[in-house]
Amino acid sequence: DVVMLLDGSGSMDAWFGNHPHGFYGLIEILRDWVRTLPLTGEPAGTNTGPGPASGGLRLGFVQFSGQNPWRRRRGRSEAIQTPGGVGTGGHLSGDLREINRDLDWHERNYMGEGTMIEKGLVMVGDMFDASHQHAVRPRVLIIFTDGKIYDPNKLAPARRVLDQEDVQTFGIVLRKQQQHTKADW
């Protein structure tokens, strides 16, 4: 099971390399990538699969953002996932059509605020918890972001939950230019 936590912050709407909008570019790359993955074919909410022996993956997507701390006295973390009745409905899925609907939904619902990740991590933990497969399927979280997280002091509780769920976490920092420049900060 793999959940991708997508940076929906305002800085993702800048040029990234040759792409005029970083968030939309990320969605395009993910759409191309998931077509190559060995998916289980199980629709969202199916929790009866035998796990890794079935030879496939289930995917989920969560977008994080939030009110920047300099816009309000205190920043506020926010996160979204597809609502019920759309794509996976916020669950893990091995069905390519559902996954593509999720990516379409995230593309249409780009948040565009600050880089606040706390609620996104909580939502990821809830998604893994709802899958009821923790003893069978390995769990992986991939975080895509283009910069600094503005709520690091609030992450310990969410991180503990993910650790208790044995979630392996990887981060991918997206760069705006081919070479590292001040635009990447």
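For the structure itself, look to the data block above.
First, a word on scope: everything that follows refers to the structure included in this document.

Calculation notes
Residues numbered from 1 in each chain as written. Predicted model: local features only at pLDDT ≥ 70, side-chain atom pairs only at ≥ 80, totals over all residues. Heavy atoms only, no water. Core = buried A, V, L, I, M, F, W, Y, C linked by side-chain atoms within 4.5 Å. Buried < 20%, exposed > 50% of the residue type's maximum accessible area, 1.4 Å probe, protein only. Helix = DSSP H or I, 4+ residues; strand = E, 2+ residues; numbered from the N terminus. Contact = heavy atoms within 4.5 Å. Pairing = 2+ DSSP bridges. Axes fitted to C-alpha atoms, helices over the stretch in contact; angles between N-to-C directions. Expected span 1.5 Å × (residues − 1). Lys, Arg positive; Asp, Glu negative; His and termini not counted. Salt bridge = Lys/Arg side-chain N within 4 Å of Asp/Glu carboxyl O. Polar contact = N/O pair within 3.5 Å; in protein donor to acceptor, adjacent residues only side chain to side chain.

1. Quick notes on the nonpolar core
- Formed by 20 residues in total, the largest nonpolar core has its most connected members in Met 4, Leu 6, Leu 30, Leu 59, Phe 61 and Phe 144.
- Ranked by residues supplied to this core, first place goes to helix α1 (residues 22-36) with 5 residues.
- Those residues in contact with Leu 59 that lie beyond four places of it in its chain are Val 2, Met 4, Val 34, Leu 37, Leu 39, His 91, Leu 92, Ser 93 and Ile 99.
- Core analysis: the second largest hydrophobic core is formed by 18 residues, Val 62, Leu 92, Leu 141 and Val 167 among them.

2. Description of the sheet that holds strand β3 (residues 76-80)
- With mixed pairing, 5 strands are arranged side by side in an open sheet as β3-β2-β1-β4-β5. Each of the sheet's edge strands pairs with one partner strand only, and the pair in question is β3 and β5 (167-173). Sheet twist, expressed as the average angle between the axes of neighbouring strands with direction ignored, equals 20°.
- Across 6 bridges, the pairing between strand β1 (residues 2-7) and strand β2 (residues 59-67) is parallel. If you follow Val 2 over to β2, its bridge partner there is Leu 59.
- In the packing of helix α2 (residues 96-108) onto the sheet, the strands contacted are β2 and β3, and the crossing angle to β2 comes to about 15°.

3. Focus: α2
- Counted at 1.5 Å a residue, the expected span for α2 with its 13 residues is 18 Å, and the 18 Å between its end C-alpha atoms agrees.
- Here α2 has its buried residues at Glu 98, Ile 99, Asn 100, Asp 102, Leu 103, Trp 105 and His 106.
- As for α2, its buried residues are in contact with α1, β2 and β3.

4. What about the side chain of Glu 98?
- Relative to the assigned elements, Glu 98 resides in helix α2.
- Buried within the structure, Glu 98 lacks any salt-bridge partner; its nearest side chain of opposite charge belongs to Arg 101, at an N-O separation of 5.5 Å.
- Looking at Glu 98, its side chain comes within polar contact range of the side chain of Ser 93, at 2.5 Å.
- For Glu 98, the residues in contact, after removing those within four places along its chain, are Pro 43, Ala 44, Gly 87, Thr 88 and Ser 93.

5. Points about the pattern of salt bridges
- Under the counting rule described, the total for this entry stands at 9 salt bridges.
- Here Arg 31 ties to Asp 104 by a salt bridge, and the two come within 2.7 Å at their closest N and O atoms. Here Asp 104 lies in helix α2 and Arg 31 lies in helix α1, a separation of 73 residues in the sequence.
- Residue classification places Arg 31 among the buried positions, given a relative accessible area of 16%.
- Across the salt bridge formed by Asp 163 and Arg 159, the nearest N and O atoms sit 2.8 Å from each other. Placement of the pair is Asp 163 and Arg 159 together in helix α4 (residues 156-164), with a separation of 4 residues, close to one helical turn.
- Here Arg 159 falls in the partly exposed class, since its relative accessible area comes to 26%.

6. Describing the environment of Lys 176
- One can find Lys 176 in the segment after β5.
- Assessed through its relative accessible area of 10%, Lys 176 is described here as buried.
- C-alpha of Lys 176 to C-alpha of Ser 11: the two residues are 165 residues apart in sequence and 9.7 Å apart in space.

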